[in-house]
Amino acid sequence: MLVHVVRQGETLWLLASRYNVSVDNIMKVNELPNPNQLLIGQAILIPTPGTTHTVQVGENLWSIAQSYGVSVNSIIMANRIANPNLLLPGTTLYIPPITHTVQPGETLWRIANRYQTTAQAIMNANNIQNPNIIVAGTQLLIPWKKPTIAVNAYTYQKDAAAAQTVNELGHLLTYLSPFAYIIKEDGTLQPFTDELMLEAARANNVTPMLSITNLSLTDVGTNLAHEVLSNPEVVERLITNILNVMDEKGYKGLNVDFEYVLPEDRENYNQFLQLVVDRLHPKGYFVSTAVAPKTSGAQEGLLYTAHDYEAHGRIVDFVMLMTYEWGWRGGPPQAISPINEMQKVVEYALSVMPADKIFLGFQIYARDWKIPRQVGDEAETFSAQEAIRRATQYNVPIQYDIATQSPFFRYVDEQGQAHEVWFEDARSAQAKFNLVKQYNLGGINYWVLGYPFPQNWALLEDNFEIQKRV
């Protein structure tokens, strides 16, 4: 899968001819509504063999070739590299596909074993229907050995809508976290209708994870968290109620998302997590947490102090980094998930917890701010697909901020109001996947399902094998 950024004068037919793929296939993978409407600066996925790799500091052609299982010479030839010893960080390389010519007597399983992949992966890459029939002399595309990660997705869609989304994307999810059961001061949980989405999760081999929070639509839950965490009797009652819901509904794990916790409740929160693990692990349940995006242990504030990265990494099974919402709806226009800020959070997390316990947070929606922004204004939130539709409507080019690895554009509406939109596209999604691979992180955590973003899901499948627990 390749990413192409549209230049002036380029058409979908020109791109299809250049990359030797059909217009229909390009439209399908990008879910383009109109083949005649491409924007300058728009990132388009090209469904063709091969992939791209962004050179990191310390990498050389040999290490890159090894990681993809291809020869150094094939990369040199494909990229017309004049000096193999001069490879600058940030350079994007095209990695050509591996091909294998079937020899007489070879089986698909033998070929898969040779390339350390699976017969099913080769079948998928070559549209093979019957694995027992492969003809000598046939050229097979061999998929690279992709890193395996876990993928969680939160959803606050209504039950039936969430179920439909899970049925569409379930093959790319390890976990589903319906958001959320709200804790109460007496240790009970405020439930919601989740039967259909849980049924869809089980049908698609997705592990349901019970998400509990102190947040509500009208309150950040600071006092609520204090009332619960500071009272041992209420804590015991809450854990009992968590177990009751999990046993009754079929949840296999727990995600604790307590935010805006008082700094003085930091140790109470840590002790609560230890108690939860001690009660849930013997029953075969796992425990995870969601933490604010900290860049050091000394970072203080209502959002940060009580989130003890070292303790969470030691106590629970894995940790969701909430690496999003820099561009929040009540603030000024900016990238929502800027890669430069995300990297700082990841590097701090890695200093106090194992990489395989870290899930990188990734939001998959767009925001539209009125500019200049007035005090009290809130941005409109919608999908990446709607962002492209809006840019097309107003016929404005898409720009790309290199520092944050995020696309944006500006337009003026019919009333003369100026707007600035930040969103995600194939380039920004790939940048986040590169971060996961660079640091060997355990997974990705999506906030939140319900915003169509077909490029993301196509690239996710192209970059990773998705772990399944059940």
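Read on for an overview of the structure. (Residues numbered from 1 in each chain as written. Predicted model: local features only at pLDDT ≥ 70, side-chain atom pairs only at ≥ 80, totals over all residues. Heavy atoms only, no water.)

## Regarding the nonpolar core
Of all hydrophobic cores here, the largest spans 87 residues; its most connected members are Ile-212, Phe-258, Phe-272, Tyr-446 and Leu-460. Top element by residues in this core is helix H10 (residues 232–249). It accounts for eight residues. For Tyr-446, the residues in contact, after removing those within four places along its chain, are Val-151, Asn-152, Ala-153, Tyr-154, Phe-362, Ile-364, Phe-433, Asn-456, Trp-457 and Leu-460. If you look at the next biggest cluster of nonpolar residues, it comprises 25 residues, including Ile-81, Ile-95, Ile-128 and Ile-142. (Core = buried A, V, L, I, M, F, W, Y, C linked by side-chain atoms within 4.5 Å. Buried < 20%, exposed > 50% of the residue type's maximum accessible area, 1.4 Å probe, protein only. Helix = DSSP H or I, 4+ residues; strand = E, 2+ residues; numbered from the N terminus. Contact = heavy atoms within 4.5 Å.)

## Concerning helix H6 (residues 119–126)
Along H6, the positions that sit buried rather than exposed are Ala-119, Ala-121, Ile-122, Met-123 and Asn-126. At its buried positions, H6 is contacted by helix H5 (108–114) and strand S6 (139–142). Immediately downstream of H6, the backbone of Asn-127 shows phi near 55°, a positive value.

## Points about the sheet that holds strand S17 (residues 380–382)
On the basis of which strands lie adjacent, the open sheet formed by five strands has the order S17-S16-S20-S19-S18 and antiparallel pairing. The open sheet is flanked by S17 and strand S18 (399–401), the only strands paired with a single partner. Across the sheet, the axes of successive neighbouring strands diverge by a mean angle of 25°, strand direction being ignored. Bridge count for strand S16 (residues 366–371) against strand S20 (residues 418–422) is five bridges, and the pairing is antiparallel. For Arg-367, the partnering residue across the bridge sits in S20 and is Trp-422. (Pairing = 2+ DSSP bridges. Axes fitted to C-alpha atoms, helices over the stretch in contact; angles between N-to-C directions.)

## Looking at the side chain of Asp-194
Position of Asp-194 among the secondary structure elements: in the loop between strand S10 (189–190) and helix H8 (195–203). Reaching out from Asp-194, the side chain makes a polar contact with the side chain of Lys-249 at a distance of 2.8 Å. When near neighbours in sequence (up to four residues on either side) are disregarded, Asp-194 contacts Asp-159, Tyr-181, Lys-249 and Tyr-251. (Polar contact = N/O pair within 3.5 Å; in protein donor to acceptor, adjacent residues only side chain to side chain.)

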